[in-house]
Amino acid sequence: PVFINVSEDAGIGSVVMNLNPVRFQSAAFELVEPDVESSPVSVSRDSGDIVISRRLDRETEPLVEISVKVQDKRG
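Throughout what follows, the structure given in this document is the object of discussion. Residue numbers restart at each chain and count upward from 1, following the sequence in its written direction. Whole-chain, interface and lining totals are the exception, using all residues; otherwise, since this is a predicted model, local features are given only for residues with pLDDT of at least 70 and side-chain atom pairs are given and counted only at 80 or more. With hydrogens and water set aside, each side-chain value is computed from the structure's full complement of heavy atoms.

Within the chain, the regular secondary structure consists of 0 helices and 5 strands. The helix and strand labels rest on DSSP assignments: H or I over at least four residues marks a helix, E over at least two residues marks a strand, and numbering proceeds from the N terminus. Its helices and strands in sequence order give the chain the pattern β-β-β-β-β, from N to C terminus. Oriented by its inertia axes, the alpha-carbon framework of the chain measures out at about 40 × 20 × 20 Å. Counting only residues that meet the buried cut, the chain has 21% of its 75 residues in that class. Contacts: residue pairs with any heavy atoms within 4.5 Å of one another. Intrachain contacts of the chain at a sequence separation of at least 6 include 65% that bridge at least 24 residues. Only the protein chains shown count as cover for residues, and the accessible areas themselves come from Shrake-Rupley with a 1.4 Å probe. Accessible surface, the chain as shown: approximately 5,500 Å² in total, 49% of it carbon and sulfur. Taking the average place of the 8 positive charges on the side chains of the chain and the average place of its 13 negative ones, the gap between the two points comes to 9 Å. For every residue, the accessible area obtained with a 1.4 Å probe (protein chains only) is divided by the maximum for its type, and the residue is called buried under 20%, exposed over 50%, and partly exposed between those limits. When charges are counted, neither His nor the chain ends are considered; positive counts come from Lys and Arg and negative counts from Asp and Glu. All charge positions are set by atom: Lys at NZ, Arg at CZ, Asp at CG, Glu at CD.

As a further point, take the pattern of salt bridges. The term salt bridge refers to a pairing of a side-chain nitrogen on Lys or Arg with a carboxyl oxygen on Asp or Glu at a separation within 4 Å. Scanning all chains against the criterion turns up 2 salt bridges. Between Asp46 and Lys73 there is a salt bridge, with its nearest N and O atoms 3.0 Å apart. Of this pair, Asp46 sits in the loop between strand S3 (41-43) and strand S4 (49-52) while Lys73 sits in the segment after strand S5 (67-72), placing them 27 residues apart in sequence. For Asp46, a relative accessible area of 54% translates into the label exposed.

Here, nonpolar core means buried Ala, Val, Leu, Ile, Met, Phe, Trp, Tyr and Cys residues that are tied together by side-chain atoms lying within 4.5 Å of each other. In terms of nonpolar packing, the biggest core is built from 9 residues, these being Val6, Ala27, Phe29, Leu31, Val41, Val43, Ile50, Ile52 and Leu56. When contributions to this core are tallied by element, the ones reaching two or more residues are strand S2 (27-33), S3 and S4. If one sorts the elements of this core by residue count, S2 sits on top with 3 residues. Excluding its chain neighbours within four sequence positions, the residues that come into contact with Leu56 are Val6, Ser7, Glu8 and Pro40.

With burial as the criterion, each face of S4 is covered, one bearing Asp49 and Val51 and the other bearing Ile50 and Ile52. Both strand S1 (residues 15-18) and S4 contribute to a ladder of 3 bridges, which runs antiparallel. Counted as the bridge partner of Asn18 is Asp49 from S4. Pairing between two strands requires that DSSP report at least two bridges joining them. Pairing between S3 and S4: 3 bridges, direction antiparallel. For Val41, the partnering residue across the bridge sits in S4 and is Ile52. Connecting S3 to the antiparallel partner S4 that follows it, the hairpin turn spans 5 residues, and Gly48 within it adopts a positive phi of roughly 80°.

What follows is about the environment of Glu59. Residue placement: Glu59 occurs in the loop between S4 and S5. Separated by 18 residues in sequence, Glu59 and Val41 place their C-alpha atoms 17 Å apart.

Taking strand neighbours across the sheet as the criterion, the 3 strands line up as S1-S4-S3 in an open arrangement whose pairing is antiparallel. At either end of the open sheet lies a strand with only one pairing partner, and these are S1 and S3. Between one strand axis and the next, the sheet turns by 20° as a mean value, whatever way the strands run. Geometry is summarised by axes, namely lines fitted to C-alpha atoms with helices restricted to the contacting stretch, and by angles between N-to-C directions that run from 0 to 180 degrees.

Purely geometric stuff here, so don't read any function into it on its own.
As structure tokens, then:
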């Protein structure tokens, strides 16, 4: 696991982390949990950027746990 702290003032569209480099030369990234509709972040399939997708609010959601699937694009 990787833990990061993000200010609730972080703007929508802010990149909070990049999952590259990974051990694959060419990887695909997919947000597994929570589902895309309820997650405050999105994961770029090609770059591995974790991006703020909605306003963060520590009172209603003090901690967000996500799971990301990383797959070798070459098979």
